[in-house]
Amino acid sequence: MGSPTEKQIYEQPYRVLSLDGGGMRGIYTGAFLSRLTDQFARIRGESALDLGRGFDLITGTSTGAIVGCALAVGRPMSEIVALYREHGPKIFPHRIAGKASAAFRAIQGSRYVRQGDKALRSALEAVLGQTTMLDVFNGRGISLSIPAVLMSEHRAWVFKKTPRSGVRDDHYPLVDVCMATTAAPIFRSLAAINDPNAPGGPQQVFADGGLWANNPIMVGLVDALTIADADRPIEIFSLGTCPRPEGDHLDAETAHRSMLDWSLGADVAPLAISAQEFAFDHMARLLANAISNCGRSIRRVRFPNKPVPASMMPYLALDDTRPEAMDRLVHQAHTDADLTKSACDDRCSPDGAMILRLMNDLPAMPANGAVWNRAPTNVVKG
């Protein structure tokens, strides 16, 4: 039998945070997490809670990676909400809203994506600085797994720093990682970034990780199974981006869609996001249940877990930067966070109990963000 200290370590679950992509809907993610953690900080009498340090592994795709990396370096979520409000219109300077705007974008699109690329990098540098994947792992004890697509080989790529990942991605700056995973075709430029393992060599070009893992829960589950000790329970907290209440009721005639009917491809992205969100969430649920039946405890909670009000439909486009759209997303995030807090107060809710334990375990931090040493400190969680 192990010592009490060893027993305590194994009773502490290996926690994973999984954050979906969704363009400007990332403001929902930031506002949800800000509202929820702020309530628990006030209950505990703290200035703020360090949500990033509550997790052993953070995986996020596209806009989810921006939020996840900000959590990993200890930035307050209110700062991320402000990032979307201030920089969103510069990142997406032209909204694709129907056939006419799609046709215009086909002609003038290059200058818009160039503007957006420059604006996003500037916004990310203000929050993430020059912090690298290794800095976060050593200085904060947090593993990261960020999906993207490597264009030179058209294959899935995961920027990864975990206890089992090796050194390939150690020196990638988080800014470059976020540029790569958010490089959504049509909406933004592809990301050309330097390879830190080959200084002065050709740049690598990446596309958005949402092309294959917009909901990265399976990435998080696989990494957790790889990293965590076999007798350590796993808990996965998966957060969407106010998903659209999708569905098209088509007849035989309207099924014959052309490129223009798909807004030259812009309308395909929301379809792919919705399909992936559903598919990967259910695959993770089935796999987690099967593994749990074999004796390995894996629990997952997905929020929000209720239908999005139909009144939100006009405000859920990936590139919608109108003030009223951002206001509606923030309002919905606050409503959903309040419902999640109510679940935490319900002694009959297993999901609420799981979130409550997480919130009570979070360390405190200053209201303006965590203070930590970015020099290597060999801090390892896992």
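Residues numbered from 1 in each chain as written. Predicted model: local features only at pLDDT ≥ 70, side-chain atom pairs only at ≥ 80, totals over all residues. Heavy atoms only, no water.

Enquirer: For the overall build of the protein chain, give the residues involved together with the corresponding values.
Expert: Per the secondary structure count, the protein chain includes 12 helices and 10 strands. By the burial criterion, 53% of the 382 residues in the protein chain qualify as buried. Across the protein chain, contacts joining residues at least 24 apart in sequence account for 79% of those joining residues at least 6 apart. For the protein chain, the accessible area works out to roughly 16800 Å², and carbon and sulfur atoms hold 56% of it. (Helix = DSSP H or I, 4+ residues; strand = E, 2+ residues; numbered from the N terminus. Buried < 20%, exposed > 50% of the residue type's maximum accessible area, 1.4 Å probe, protein only. Contact = heavy atoms within 4.5 Å. Areas by Shrake-Rupley, 256 points an atom, 1.4 Å probe, with all protein chains shown as cover.)

Enquirer: Quick one: what's the story with the pattern of salt bridges, residue by residue and with numbers?
Expert: Applying the stated criterion across every chain yields a total of 22 salt bridges. Here Arg302 makes a salt bridge to Asp20, at a shortest N to O gap of 2.6 Å. Of the two residues, Arg302 is situated in strand β9 (residues 298–303) and Asp20 in the loop between β1 (14–19) and α2 (26–44); the sequence distance between them amounts to 282 residues. Judged by its relative accessible area of 12%, Arg302 falls in the buried class. By relative accessible area, which is 1% here, Asp20 ends up buried. Each of the salt bridges in this network shares a partner with another, and the network as a whole consists of Arg15, Glu235, Arg357 and Asp361. (Salt bridge = Lys/Arg side-chain N within 4 Å of Asp/Glu carboxyl O.)

Enquirer: Requested: an account of the confidence of the model for the protein chain, with residues and values cited.
Expert: When pLDDT is averaged along the protein chain, the result is 89; 88% of the residues meet or exceed 70. Scored below 50 in pLDDT, residues 1–10 shows 5 contacts in the model against residues more than four places distant or in partner chains. (pLDDT = per-residue confidence, 0-100.)

Enquirer: Please give an account of the environment of Asp38 that cites residues and values.
Expert: Within the secondary structure layout, Asp38 lies in helix α2. Residues Asp38 and Ala48, spaced 10 residues apart in sequence, show a C-alpha to C-alpha distance of 6.5 Å.

Enquirer: Before we move on, can you summarise the packing of helix α3 (residues 63–72) against helix α4 (residues 77–91) with the specific residues and values?
Expert: Between α3 and α4, the shortest axis-to-axis distance is 10 Å and the interhelical angle comes to 145°. Crossing handedness for the pair α3 and α4: right-handed. Residues Thr63, Ile66, Val67, Ala70 and Leu71 of α3 form the contact with α4, whose own contacting residues are Met77, Ile80 and Tyr84. Class assignment for the residues of the contact of α3 with α4 results in 7 nonpolar, 1 polar and no charged. (Axes fitted to C-alpha atoms, helices over the stretch in contact; angles between N-to-C directions. Left-handed = near helix turned anticlockwise from the far one by under 90°. Nonpolar A, V, L, I, M, F, W, Y, C, P; charged D, E, K, R; others polar.)

Enquirer: Break down the pairing of strand β8 (residues 234–239) for me, citing the residues and quoting the values.
Expert: Regular strands place side chains that alternate from one sheet face to the opposite one. Summarising burial for β8: 6 of the 6 residues are buried, a large majority. In β8, alternate side chains face the same way, and those of Ile234, Ile236 and Ser238 on one face and Glu235, Phe237 and Leu239 on the other are all buried. Summarising the sheet, β1 and β8 pair through 6 bridges and their orientation is parallel. Looking across to β8, one finds that Val16 is bridged to Ile236. Bridge analysis of β8 against β9 gives 6 bridges, and the strand direction is parallel. Note that in β9 the partner of Phe237 across the bridge is Val301. (Pairing = 2+ DSSP bridges.)

Enquirer: So what's going on with unusual backbone geometry? Which residues, and what values?
Expert: Positive phi, normally seen in glycine, also occurs at His154, with a value near 50°. For His154, the position within the fold is in the loop between β4 (143–150) and β5 (155–161). Under the relative-accessibility criterion, His154 is labelled exposed at 64%. With a phi angle near 80°, Ile186 is a residue other than glycine that sits in the positive phi range.

Enquirer: With reference to specific residues and values, describe the side chain of Gln204.
Expert: With respect to the secondary-structure elements, Gln204 resides in strand β7 (residues 204–208). Side chain to side chain, Gln204 and Tyr172 meet in a polar contact 2.6 Å long. Once residues lying within four places of it in the same chain are set aside, the contact partners of Gln204 are Trp157, Tyr172, Ala191, Ala192, Ile193, Asn194 and Asp195. (Polar contact = N/O pair within 3.5 Å; in protein donor to acceptor, adjacent residues only side chain to side chain.)

Enquirer: Account for α3, with residues named and values stated.
Expert: With 10 of 10 residues buried, α3 lies mostly within the body of the structure. Among all positions in α3, only Thr63, Gly64, Ala65, Ile66, Val67, Gly68, Cys69, Ala70, Leu71 and Ala72 are buried. After α3 finishes, the residue Gly74 shows a positive phi value of roughly 85°.

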